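Reading the structure
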Amino acid sequence: MAGTQPLSFASIAQKKEKNGTLQHVRLDARAVLQIAKHCRETMPDLVSGQLLGLDVQDTLEVTYCFPFPVSATEEDYQLEMMRCLREVGIDNNTVGWYQSAYLGAYQTVELVETFISYEESIRQCVCVIYDPFQEEQGVLPVKAIRLSERFKKVYKDGEFTPSQLLESKLNWDQIFEEIPVQVHNSSLCSVAMECADSNNTSSTRQSDLQHLNLSTNPYLEKNLRFLVECMDELANEQQKVGYYQRSLARQEQSITSWKQKRKQENAIRRAAGEELLPEEDPTNPIFKPIPEPTRLDSMLIANQIRNYCDKVDTFKAKSLQKLYLTKAIHESD
């Protein structure tokens, strides 16, 4: 066509970079089963593993995964596994990692540090959280998260002081971003599942009967117990901030008292014609700045508290629906 300019490699790369904002995580069903098997078999211990796949524009495709070893050297094991997978024709590009969680408790400083370490070599990476304890509630316990760009900018500055957080306008609920997850099956797998479903002549399955369980105590009690523990941890973080403010006030009083005493000494030395002493003495311990406690821990705890509250609210709504349904059935009888 006349007037059409051929696309260069640079223009294609720039277009991909512009439209490459991660919007979806596409999990292969085989990878999901591998993650679920690893996390269930090691309960109640928490485990993690490597995610492999491809970064295709705005979608991160996870096609395979393998668990991290407990005893062997982790880095050597990963390189050897990726070499073996490449030889058999399986995607061996690292796109993130997965880890198990207990009732959604994953917001930790270690998780943030792992994200920063991965993103030094991987432009777009995610962490897939699998909670095996939520399977009993009839939900797919898989979520994909990543660090927000605003949080990474503040983290690189290395300060989480109130002034820095106020300047960056970073809230506690803006640390992580949850990315929509899509589970994909191959065509052969979909056909096999359809055939297996059609061969099942039973009208009622055991999995369907589990939804009629009206017990609300175990799961709700665990969430509330962890919620109370997080509230205690948040109170401890607030006590650290209060102790810092009291120490800062005592230091300011000591400095003011020292300066007044120095002014009196200088007045006497001035009257005697002697050399005046400096107004400040950096060698004096009272002028040593008090390190301000980081607010990162309190932000992560607040994020975890919101997670527990959301789960309690969701579980409460489902339980009330079952109870109202049961009440209507009894009244109809």
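In this report, we go over the structure that sits alongside the text. All of these numbers come straight from a predicted model, not from anything done at the bench.

1. Focus on the overall build of the chain
- Within the chain one finds 10 helices and 8 strands.
- In the chain, which comprises 333 residues, the proportion classed as buried is 33%.
- Of the contacts formed within the chain by residues at least 6 apart in sequence, a portion of 75% connects residues at least 24 apart.
- In the form shown here, the chain has an accessible surface area of approximately 21600 Å², with 53% of it arising from carbon and sulfur atoms.

2. Quick word on a nonpolar patch on the surface
- Residues Leu320, Leu323 and Tyr324 make up a contiguous nonpolar surface patch of about 320 Å² in total accessible area.
- Counting through the fold element by element, leucine 323 comes out in helix H10 (residues 296-332).
- Residue classification places leucine 323 among the partly exposed positions, given a relative accessible area of 44%.

3. Points about helix H5 (residues 149-157)
- All of the buried residues in H5 are Phe151, Lys152 and Val154. Down the axis, H5 shows its buried residues gathered within 165° of arc, on one side only. Residues of H5 that are exposed and point over 90 degrees away from its buried face: Glu149, Lys153 and Lys156.
- Phi turns positive, to about 80°, at glycine 158, one or two residues after H5.

4. A word on the packing of aromatic side chains
- If you walk through the whole model with that rule in mind, you get 6 aromatic pairs.
- Among the aromatic side chains, those forming a connected cluster through ring pairs are Trp97, Phe115 and Tyr118.

5. A few points about the pattern of salt bridges
- Tallied over the full model, the rule gives 7 salt bridges.
- For the salt bridge of glutamate 41 with lysine 37, the shortest nitrogen-to-oxygen distance reads 2.7 Å. Taken together, the residues span about one helical turn, with glutamate 41 and lysine 37 both in helix H2 (residues 29-41) at a distance of 4 residues.
- Judged by relative accessible area, lysine 37 falls into the partly exposed class, the value being 47%.
- For the salt bridge of glutamate 119 with lysine 152, the shortest nitrogen-to-oxygen distance reads 3.0 Å. Of this pair, glutamate 119 sits in helix H4 (residues 109-119) while lysine 152 is found in helix H5, placing the two residues 33 residues apart along the sequence. Each member of the pair, glutamate 119 as well as lysine 152, carries the same accessibility label: buried.

6. Considerations on the sheet that holds strand S1 (residues 24-28)
- Across the sheet, which stays open at both edges, the 8 strands sit in the order S7-S6-S5-S4-S2-S3-S1-S8 with mixed pairing between neighbours. A single partner strand is all that each edge strand has here, and the edge strands are strand S7 (176-179) and strand S8 (181-184). For this sheet, the mean inter-axis angle between neighbouring strands, taken without regard to orientation, is 35°.
- Inspection of the sheet shows S1 paired to strand S3 (residues 59-67) by 4 bridges, in the parallel sense. What sits directly across from leucine 27, in S3, is valine 62.
- Against the sheet, H2 contacts S1, strand S2 (48-56), S3, strand S4 (94-100), strand S5 (126-130) and S8, and its axis sits at roughly 40° relative to S3.

7. Looking at the nonpolar core
- In terms of nonpolar packing, the biggest core is built from 25 residues, with Leu111, Phe115, Ile145, Leu147, Phe151, Phe160 and Phe176 touching the most fellow members.
- The set of elements that each furnish at least two residues to this core consists of H4, S5, strand S6 (142-147), H5 and H10.
- Examining the composition of this core, we find that 5 residues originate from one element, H4, more than from any other.
- Residues within four places of isoleucine 145 in sequence aside, it is in contact with Tyr106, Leu111, Phe115, Val126, Cys127, Ile129, Phe176, Glu177 and Glu178.
- Ranked by size, the runner-up nonpolar core spans 21 residues in total, among them Ala36, Cys39, Val95 and Val128.

8. Considerations on the environment of aspartate 313
- Inspection of the secondary structure puts aspartate 313 in helix H10.
- The partly exposed category is assigned to aspartate 313, whose relative accessible area is 43%.
- Along the sequence, aspartate 313 and leucine 220 sit 93 residues apart, while their C-alpha atoms lie 9.7 Å from each other.

9. Quick look at H2
- Relative to the 18 Å expected for 13 residues at 1.5 Å per residue, H2 spans 18 Å between its end C-alpha atoms, a close match to the ideal helical length.
- Buried residues in H2 make contact with S1, S2, S3, S4, S5 and S8.
- Put simply, aspartate 28 is the residue that caps the front of H2, since its side-chain oxygen is 2.9 Å from the backbone nitrogen of arginine 30.

10. A closer look at the packing of H4 against H5
- In the contact formed by H4 and H5, the axes pass within 12 Å of each other and the chain directions differ by 90°. With respect to each other, H4 and H5 are oriented roughly perpendicular. Facing H4, whose interface residues are Val112, Glu113, Ile116 and Glu119, H5 presents Phe151, Lys152 and Tyr155.

11. Structural notes on the side chain of serine 148
- Among the structural elements, serine 148 can be located in the loop between S6 and H5.
- Here serine 148 is in contact with Gln174, Ile175 and Glu177, once residues within four sequence places are set aside.

Reading the values: the criteria
- Residues numbered from 1 in each chain as written.
- Predicted model: local features only at pLDDT ≥ 70, side-chain atom pairs only at ≥ 80, totals over all residues.
- Heavy atoms only, no water.
- Helix = DSSP H or I, 4+ residues; strand = E, 2+ residues; numbered from the N terminus.
- Buried < 20%, exposed > 50% of the residue type's maximum accessible area, 1.4 Å probe, protein only.
- Contact = heavy atoms within 4.5 Å.
- Areas by Shrake-Rupley, 256 points an atom, 1.4 Å probe, with all protein chains shown as cover.
- Patch = residues over 30% accessible without salt bridge, like charges linked within 9 Å, V, L, I, M, F, W, Y side chains within 5 Å.
- Salt bridge = Lys/Arg side-chain N within 4 Å of Asp/Glu carboxyl O.
- Arc of directions from axis to C-beta.
- Phe/Tyr/Trp six-rings, centres within 6.5 Å; stacked < 30°, edge-to-face > 60°.
- Pairing = 2+ DSSP bridges.
- Axes fitted to C-alpha atoms, helices over the stretch in contact; angles between N-to-C directions.
- Core = buried A, V, L, I, M, F, W, Y, C linked by side-chain atoms within 4.5 Å.
- Expected span 1.5 Å × (residues − 1).
- Polar contact = N/O pair within 3.5 Å; in protein donor to acceptor, adjacent residues only side chain to side chain.
- Parallel < 35°, antiparallel > 145°, perpendicular 65-115°, else oblique.

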